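Chain by chain, the residues run as shown.
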Amino acid sequence: MFNQHFDFSIGDLLGGLFNLNTPFSSQPAQYPQQKVLKCGNCQTTFQQFVHQGKFGCAQCYEAFQDQLTPILKRLQNGNTVHTGKIPARIGGTLHLKKEIAELKAKLQQAIEQEEFESAADIRDQIRSFEKKVLSEGGES
């Protein structure tokens, strides 16, 4: 039917995602050319990453975090944290426990900022979730 061959590399694909100058991107580069972003550990530059499509080491993720976060959000529907896959039979309880932990952190922050109305609402949410966990047979 439609059989056309496109010749482009992973670098072209990444360059398009990062809005860098590539044959498939008409927008100018967002990152200034005078400042070369480099990993402090392996010395891989951000441009090398975009061209090769892979990092030089694990520390590259931290070195290029500011450039990667918006791209990951765009690719992962706004998520930047891996939530993993959980079997349905136990997933509800685990998700509730994770939500409780996140709410407890928010509660602590609200208390520190003296936002007591907000803290009370969060406390009530935590109690509600903890009751759900207990009713589903999990421990809180």
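Residues numbered from 1 in each chain as written. Predicted model: local features only at pLDDT ≥ 70, side-chain atom pairs only at ≥ 80, totals over all residues. Heavy atoms only, no water.

Enquirer: Mind laying out the overall build of the protein chain, listing which residues take part and the relevant values?
Expert: When helices and strands are tallied, the protein chain shows six helices and zero strands. Order of helices (α) and strands (β) in the protein chain, N terminus to C terminus: α-α-α-α-α-α. For the protein chain, the residues scored as buried account for 26% of the 140 residues in total. Considering only residue pairs separated by 6 or more positions, the protein chain has 40% of its internal contacts joining residues 24 or more positions apart. Accessible area of the protein chain: about 10800 Å², with a carbon and sulfur share of 50%. (Helix = DSSP H or I, 4+ residues; strand = E, 2+ residues; numbered from the N terminus. Buried < 20%, exposed > 50% of the residue type's maximum accessible area, 1.4 Å probe, protein only. Contact = heavy atoms within 4.5 Å. Areas by Shrake-Rupley, 256 points an atom, 1.4 Å probe, with all protein chains shown as cover.)

Enquirer: Talk me through the packing of aromatic side chains; I want residue IDs and the actual numbers.
Expert: Within this structure, the stated rule accounts for five aromatic pairs. Judged by centre distance (5.8 Å) and plane angle (25°), the ring pair of Phe 55 and Phe 64 falls under stacked. A connected cluster of aromatic rings, assembled from ring pairs, spans Phe 46, Phe 49, Phe 55, Tyr 61 and Phe 64. (Phe/Tyr/Trp six-rings, centres within 6.5 Å; stacked < 30°, edge-to-face > 60°.)

Enquirer: Give me the nonpolar core: which residues, what numbers.
Expert: In this structure, Leu 96, Ile 100, Leu 103, Leu 107, Ala 110, Ala 119, Ile 122, Ile 126, Phe 129 and Val 133 together form the largest nonpolar core, which totals ten residues. For this core, the secondary-structure elements that each account for two or more residues are α5 (88–112) and α6 (116–135). Ignoring any residue separated from it by four or fewer positions in sequence, one finds Ile 126 in contact with Ile 100, Leu 103, Lys 104 and Leu 107. In this structure, Phe 49, Val 50, Cys 57 and Cys 60 belong to the second largest nonpolar core, which totals nine residues. (Core = buried A, V, L, I, M, F, W, Y, C linked by side-chain atoms within 4.5 Å.)

Enquirer: Please give an account of the pattern of salt bridges that cites residues and values.
Expert: On inspection of all chains with the given rule, the structure shows two salt bridges. For Asp 124, the salt bridge is made with Arg 123, and the minimal N-O distance between the two is 3.0 Å. (Salt bridge = Lys/Arg side-chain N within 4 Å of Asp/Glu carboxyl O.)

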